[in-house]
Amino acid sequence: MKKIILIVGLIVGLMFGETDAQAGQLAEHLSKFPDWNHKPMIQKAQGDLYYPQWMEGEWDVTSTLVDKVAPMAPKITTPGFEKNAERLNQPVEFKVRFKTVQSLPKLQIFPLTLFLNQAGSEEQEDEKIYPNIVGDRAFNGFNMGKATLGENGILSVKADPTNPNRLITVLPGNIELISTVTGRSSETPSQDQFIATEISQQVFESSSQIYLNEVETTTAYQAEFDDKNSPNEVKTIIGDQVTAVYLSPQDPNFFAASGHPVALYRYQLKLVKKE
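The structure contained in this document is the topic of the report that follows. Counting from 1, residues in each chain are numbered in the order their sequence is written. Whole-chain, interface and lining totals are the exception, using all residues; otherwise, since this is a predicted model, local features are given only for residues with pLDDT of at least 70 and side-chain atom pairs are given and counted only at 80 or more. Hydrogen atoms and water are omitted, and side-chain values are computed over all heavy atoms in the structure.

**Here we look at the overall build of the chain**
Here is the rule: Put simply, DSSP H or I for four residues or longer makes a helix, DSSP E for two residues or longer makes a strand, and each gets a number counted from the N terminus. The classification of residues rests on relative accessible area computed with a 1.4 Å probe and restricted to protein chains. Under 20% of the type maximum is buried, over 50% is exposed, and intermediate values are partly exposed. Under the convention used here, a 1.4 Å probe and the Shrake-Rupley method define accessible areas, while residue burial counts only the protein chains that appear.
Regarding its fold elements, the chain presents four helices and 15 strands. Classification of the 275 residues of the chain by burial places 45% in the buried group. Working note: accessible area of the chain is about 13,900 Å², and carbon and sulfur atoms make up 50% of it.

Right, dumping it as structure tokens:
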């Protein structure tokens, strides 16, 4: 079960409008690993997370767990933490893609007709309108699930069409994992960097139990431009990602944890664009 929860944490980091963080807050937060004592300052998740233009397209990803920490052990540990030691420094490969947001038709309110900018588009300082890029959540989640759990270890991943922040993963044995992003922030330290953090509520349901927790995923992406004069021409992206697990209020150790993370996992990501 713990492995499944961690998978969804990484999926969220590769998928999920956009909320600007306080200047440098997320970069500073990430640099303090593993001394994380609380969640970062974020706002309520609305819409979807918009990625830089240079992340558009399909990518081959290599994800490697490079560190894991149980800040409150031995007093409080999470299911499967020790077992995850066998995953250290073992690269996992899968595919992800990021796509342009679909446009909305013009809004007609008789007798007025309002012409709207394309959904997922924004006007930059050069007065041009660029389409926003979002993660293909179902595609990304399913591919990573297969890579981690095995070809038969995951049945489906479905993005809720009414809520871009809700992901439903179905596993063998009538098991379902529902992950809902409740808060997020992002920042762009430079043209070739993008950092995002999201907090998600996870509900793990089977015929015999329901398990709840809260997961933070903070990821810093570094683009490697082929040509500095063409900043959207990127073939490789390096990522530094941390997944933090927090107890839900239903957990008997919730008050003892006092808002601190009970498990931290750090990953190195490498995304190579498919030709």
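From this point, things continue past the structure.
**What about the nonpolar core?**
The following threshold applies: We call a set of buried Ala, Val, Leu, Ile, Met, Phe, Trp, Tyr and Cys residues a nonpolar core when their side-chain atoms join them within 4.5 Å.
Within the largest apolar cluster, 33 residues are counted, with the highest numbers of intra-cluster contacts made by Tyr51, Trp54, Phe98, Ile237 and Leu271. The dominant element in this core, judged by the number of residues it contributes, is strand S15 (residues 263-273), at five residues. Counting ten residues, the second largest nonpolar core, distinct from the first, contains Leu30, Trp36, Ile195 and Ala220.

**A closer look at the pairing of strand S2 (residues 57-69)**
Remember that side chains alternate between the two faces of the sheet whenever the strand is regular. Test applied: By the convention used here, strands pair only if DSSP detects at least 2 bridges between them.
Where S2 lies against strand S3 (residues 92-100), seven bridges are found, and the strand directions are antiparallel. Paired with threonine 62 across the two strands is glutamate 93, which belongs to S3. In this structure, S2 lies alongside S15, joined through ten bridges in antiparallel fashion. Paired with threonine 62 across the two strands is lysine 270, which belongs to S15.

**Brief notes about helix H3 (residues 137-149)**
This is how the line gets drawn: A helix's residues, less one, multiplied by 1.5 Å, set its expected span.
An ideal rise of 1.5 Å per residue puts 18 Å on 13 residues; H3 measures up with 18 Å between its terminal C-alpha atoms. When H3 is considered as a whole, its buried residues turn out to be Arg137, Asn140, Gly141, Asn143, Met144, Gly145 and Thr148. Where H3 terminates, the next one or two residues include glycine 150, which has phi positive at roughly 105 degrees.

**Some thoughts on the environment of threonine 100**
In plain terms, the rule: By the convention used here, residues are in contact when the closest approach between their heavy atoms is within 4.5 Å.
With respect to the helices, strands and loops of the structure, threonine 100 is situated in strand S3. A relative accessible area of 28% means that threonine 100 is categorised as partly exposed. As a C-alpha pair, threonine 100 and tyrosine 50 span 50 residues in sequence and 9.5 Å in three-dimensional space. With near-sequence residues (within four places) excluded, threonine 100 lies in contact with Glu56, Pro131, Asn132 and Ile133.

**Quick word on the environment of threonine 77**
If you trace the backbone, threonine 77 turns up in the loop between S2 and S3. Sequence separation of threonine 77 and valine 262 is 185 residues, and the distance between their C-alpha atoms is 6.3 Å.

**Observations regarding unusual backbone geometry**
Here the bond from phenylalanine 33 into proline 34 is cis, since omega is 5 degrees, no more than 30 degrees from zero. Relative to the helices and strands, proline 34 resides in the loop between helix H2 (25-31) and strand S1 (43-44). A cis amide bond links alanine 73 to the next residue, proline 74, at an omega of 0 degrees. Among the secondary structure elements, proline 74 is positioned in the loop between S2 and S3. Positive phi values are uncommon outside glycine, yet asparagine 174 reaches one of about 60 degrees. With respect to the secondary-structure elements, asparagine 174 resides in the loop between strand S10 (166-171) and strand S11 (175-187). Take asparagine 174: its relative accessible area is 67%, and that puts it in the exposed class. We note that serine 258 has phi near 55 degrees; this positive angle belongs to a residue other than glycine. Among the secondary structure elements, serine 258 is positioned in the loop between helix H4 (254-257) and S15.

**A short note on the pattern of salt bridges**
The line we're drawing: Any Lys or Arg side-chain nitrogen found within 4 Å of a carboxyl oxygen on Asp or Glu counts as a salt bridge.
Under the counting rule described, the total for this entry stands at eleven salt bridges. Of the charged contacts in the structure, one is a salt bridge between lysine 32 and glutamate 28, with a shortest N-O distance of 3.5 Å. For lysine 39, the salt bridge identified is with glutamate 214, shortest N-O distance 2.3 Å. Pair noted here: lysine 39 is in the loop between H2 and S1 and glutamate 214 is in strand S13 (residues 210-225), with a separation of 175 residues, a long-range link. The class of lysine 39 is partly exposed, set by a relative accessible area of 31%.

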